[in-house]
Amino acid sequence: MLTLAVPRHSFSPAHFDRDASRYHAGVYQRKRTDLVANLDSSLSPIFLVHIKNLHKSVVRDFKGELLDALKGKEYDFGDVVTKGRAKAEKTFVDGAEGEFKSTNPPFDGDGSDSDELS
């Protein structure tokens, strides 16, 4: 079974970390946790909608390719399904990971976010 978890943040909020270094360690950790929680609550619905749409697209393509492959006179049903499934899973995983990486640049805010938190 294919499982795909909502990706954890792979950014390095260097600007936030630099500006927040003036806080007490406990305050800094709490504010950083709040920042990550706010990012999660904002980005998770967008990511889940993307995954839903990607799933629909991959299933549609898989069905079309399967029907096209089965129209021929000589075919091995198991082989057609196995190859189609492998291609569909790769397309889904690549689309989910690739789209997330390309639309989630490293965090390098201009400082306005960290100023609001202080």
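The rules behind each value
- Sequence order sets the numbering: in each chain, residues are counted from 1 along the sequence as written.
- Only residues with pLDDT of at least 70 get local features here, since the model is predicted, and only at 80 or more are side-chain atom pairs given and counted; chain-wide, interface and lining totals rely on the full set of residues.
- Water and hydrogen atoms play no part in the side-chain values, which are based on all heavy atoms of the structure.
- By definition, any uninterrupted DSSP run of H or I lasting at least four residues is a helix, any uninterrupted run of E lasting at least two residues is a strand, and each is numbered from the N terminus.
- Each residue gets one of three labels from its accessible area relative to the maximum for its type: buried under 20%, exposed over 50%, partly exposed in between, using a 1.4 Å probe on protein chains only.
- The contact rule is simple, with two residues in contact once any of their heavy atoms fall within 4.5 Å.
- Expected span, for any helix, means 1.5 Å times one less than how many residues it has.
- Here the bend at each residue means the angle between axes fitted to two seven-residue stretches, the one ending at that residue and the one beginning there.
- By convention, a stacked pair of Phe, Tyr or Trp rings (six-membered ring in the case of Trp) has centres within 6.5 Å and planes under 30 degrees apart, an edge-to-face pair has planes over 60 apart, and any other such pair is tilted.
- A ring is considered to have a charge above it if a Lys NZ or an Arg CZ atom is located within 6 Å of its centre and within 35 degrees of its normal.
- To define a nonpolar core, start from buried Ala, Val, Leu, Ile, Met, Phe, Trp, Tyr and Cys residues and group those joined through side-chain atoms within 4.5 Å.
- The score called pLDDT rates the predictor's confidence residue by residue, from a low of 0 to a high of 100.

**Structural notes on the overall build of the protein chain**
Stage number 1. Of regular secondary structure, the protein chain possesses four helices and zero strands.
Stage number 2. Counting from the amino terminus, helix and strand elements in the protein chain follow one another as α-α-α-α.
Stage number 3. In the protein chain, buried positions account for 22% of the 118 residues.
Stage number 4. In the protein chain, the share of contacts with a sequence separation of at least 24, taken over all contacts with a separation of at least 6, comes to 73%.

**A look at helix α2 (residues 25-70)**
Stage number 1. An ideal rise of 1.5 Å per residue puts 68 Å on 46 residues; α2 measures up with 63 Å between its terminal C-alpha atoms.
Stage number 2. Maximum bend of α2: about 30 degrees, positioned at Leu-43, with proline Pro-45 one to four residues after it.
Stage number 3. For α2, the full list of buried residues reads Tyr-28, Lys-31, Leu-35, Asp-40, Phe-47, Ile-51, Leu-54, Val-58 and Leu-66.

**Quick word on the packing of aromatic side chains**
Stage number 1. Under the counting rule described, the total for this entry stands at zero aromatic pairs.
Stage number 2. One residue, Arg-22, lies across the ring of Tyr-23, its end atom 5.3 Å from the ring centre.
Stage number 3. The cationic tip of Lys-31 hangs over the ring face of Tyr-23; the distance from NZ or CZ to the ring centre is 5.9 Å.

**Notes on the environment of Lys-83**
Stage number 1. Within the secondary structure layout, Lys-83 lies in helix α3 (residues 77-103).
Stage number 2. In the structure, Lys-83 is positioned 17 residues away from Leu-66 in sequence and 9.6 Å away in space, judged by C-alpha atoms.

**What to know about the nonpolar core**
Stage number 1. Counting residues in each nonpolar core, the largest one holds seven residues, listed as Phe-47, Ile-51, Leu-54, Val-58, Ala-88, Phe-92 and Ala-96.
Stage number 2. For this core, the element with the highest residue contribution is α2, accounting for four residues.
Stage number 3. Counting residues in hydrophobic clusters, the runner-up holds five residues, among them Ala-20, Tyr-23, Tyr-28 and Leu-35.

**Notes on the confidence of the model for the protein chain**
Stage number 1. In this model, the protein chain carries a mean pLDDT of 77, and residues with pLDDT of at least 70 account for 72%.
Stage number 2. For the protein chain, helix α4 (residues 112-117) is the element with the lowest average pLDDT, namely 40, and α2 is the one with the highest, namely 90.

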